[in-house]
Amino acid sequence: MEVRGTLQANQPLDRLTWLRVGGPAEWLFQPADRDDLCHFLSRLDPAIAVFPIGVGSNLIVRDGGIRGVVIRLGRGFNDIACSGGVVTAGAAALDAHVARRAASAGLDLTFLRTIPGAIGGAVRMNAGCYGSYIADHLIDAEAVTRGGDIVRLTPDALDFRYRHTALPPGWVVTGARFRAAPGDPDALARRMDEQIARRDASQPTRERSAGSTFRNPAGFSSTGRDDDTHELKAWKVIDDAGMRGARLGGAQMSEKHSNFLLNADNATAAELEGLGELVRKNVYRNSGIELEWEIMRVGEPAPESGREN
């Protein structure tokens, strides 16, 4: 199929994820722009699976890789514009960059500053922290359907919930518009500096991780306020189950923040996912709470090696 972007077979995905694990994509498509993406999807066999990825910040790709087409958006989708209290951002724009650009224009999207990843994933997962979520600010999002049509999605259509939207499989978010309250640029910059300092003091930001591993059982993110409760936070129930610092092969639950899963020593995807499942098992045994993964796990396990008789 003729495209203006790049379409490559059997491409490694480990280099495209923060955890640096995973097998290859059967096909990796990086469209030049929205029209290129629409053209490609409209002509792709509907039976072929499509999986969009952003910067791979919240993702475990299993060791056997992903069948079908992985779509990764790049420079044609990272514009940011601010006008009239509205911030418009492409899906490939980093959350942190959007927060900084908005702040410089006197618009408050500071909650995005410490969220890893890009806007497309933030919309898909209703990302949030410090008591604010994408759902609180989204005006609408633009997406390309599996058939190649352009649609505009309202918050009602996305059916936002904690770390969840109703975006259909194979649809690709290409951009979004956000409503932001006015603020003094210097004050907003200071707030973001404080958020970064707080994050770096409590999270393993220099380690190879994918951010928060499990959703908070309480059903909401940390607020960062003095009255924030910790009783139903994922890290607390993991601690109570004695799993802080637990290891499996090269995978480890962080000693600094026990809801962070680390590739500490050349872990495989199977080791990372296996440790996560071991944590879930021990938390359930200890407290009766069934932790839900926040990190997406996709693809297939590595094929088993043949055994000698």
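Since this is a predicted model, take the numbers as computed values, not measurements.

**Quick word on the confidence of the model for the protein chain**
Across the protein chain, pLDDT averages 93, with 94% of residues at or above 70. Note on residues 305–309: pLDDT under 50 across the span, and 0 contacts to partners over four residues away in sequence or across chains.

**Here's the deal with the sheet that holds strand β3 (residues 50–53)**
Read across the open sheet, the 4 strands follow the order β1-β2-β5-β3; overall the sheet is mixed. Strands at the two margins of the open sheet, each flanked by one partner only, are β1 (6–12) and β3. Direction aside, neighbouring strands of the sheet carry axes that sit 30° apart on average. One ladder, built from 6 bridges, connects β1 with strand β2 (residues 24–30); its direction is antiparallel. Note that in β2 the partner of Gln11 across the bridge is Ala25.

**Quick notes on the packing of aromatic side chains**
Counted under the stated rule, the structure contains 2 aromatic pairs. Where Phe214 meets Trp293, the ring centres are 5.0 Å apart and the plane angle is 50°; that geometry is what we call tilted. Of the two residues, Phe214 sits in the loop between β15 (209–212) and α7 (234–240) while Trp293 sits in the loop between α8 (269–287) and β19 (296–298), which places them 79 residues apart along the sequence. For the pair shown, Phe214 and Trp293 are each scored as buried.

**Some words on the pairing of strand β7 (residues 86–90)**
Strand direction decides the pairing type here: strand β6 (residues 80–83) and β7, joined by 4 bridges, are antiparallel. Within β7, the residue paired with Ala81 across the bridge is Thr88. Between β6 and the antiparallel strand that follows it, β7, lie 2 residues; Gly84 among them carries a positive phi value of about 60°. Pairing of β7 with strand β13 (residues 172–179), which is carried by 5 bridges, proceeds in the antiparallel orientation. Bridging from a neighbouring strand, Val87 pairs with Phe178 of β13.

**A word on the layout of surface pockets**
Size it by volume and the second largest pocket reaches roughly 280 Å³. Lining of the second largest pocket is provided by 17 residues; of these, Phe51, Arg124, Met125, Leu167 and Met296 occupy positions nearest its centre. Going through the elements one at a time, β3, α3 (119–125) and β19 are the ones with two or more residues in the lining of the second largest pocket. Sort the elements by how many residues they give to the lining of the second largest pocket and β3 lands first, with 3 residues. Residue classes in the lining of the second largest pocket are distributed as 9 nonpolar, 3 polar and 5 charged.

**As for the pattern of salt bridges**
A complete count under the given rule lists 17 salt bridges for this structure. Residues Arg152 and Asp140 are paired through a salt bridge, measuring 3.1 Å at the closest nitrogen-oxygen approach. In this pair, Arg152 is assigned in strand β12 (residues 150–153) and Asp140 in strand β11 (residues 138–144), connecting sequence segments 12 residues apart. The exposure class of Arg152 is partly exposed, given its relative accessible area of 48%. Taken together, the salt bridges that share partners define one network made up of Arg34, Asp140, Glu142, Arg152 and Arg177.

**Considerations on helix α1 (residues 34–43)**
Every buried residue of α1 is accounted for by Asp36, Leu37, Cys38, Phe40 and Leu41. Two or three places before Asp35, at the opening of α1, Asp33 has a side-chain oxygen 3.3 Å from that residue's backbone nitrogen.

The rules behind the values
Residues numbered from 1 in each chain as written. Predicted model: local features only at pLDDT ≥ 70, side-chain atom pairs only at ≥ 80, totals over all residues. Heavy atoms only, no water. pLDDT = per-residue confidence, 0-100. Contact = heavy atoms within 4.5 Å. Pairing = 2+ DSSP bridges. Helix = DSSP H or I, 4+ residues; strand = E, 2+ residues; numbered from the N terminus. Axes fitted to C-alpha atoms, helices over the stretch in contact; angles between N-to-C directions. Phe/Tyr/Trp six-rings, centres within 6.5 Å; stacked < 30°, edge-to-face > 60°. Buried < 20%, exposed > 50% of the residue type's maximum accessible area, 1.4 Å probe, protein only. 1 Å grid on protein atoms, 1.4 Å probe; cavity = no way out; pocket = protein on both sides within 12 Å on 5 of 7 lines; lining within 4 Å. Points joined across faces, edges and corners; volume = space filled by probe spheres on them. Nonpolar A, V, L, I, M, F, W, Y, C, P; charged D, E, K, R; others polar. Salt bridge = Lys/Arg side-chain N within 4 Å of Asp/Glu carboxyl O. Polar contact = N/O pair within 3.5 Å; in protein donor to acceptor, adjacent residues only side chain to side chain.

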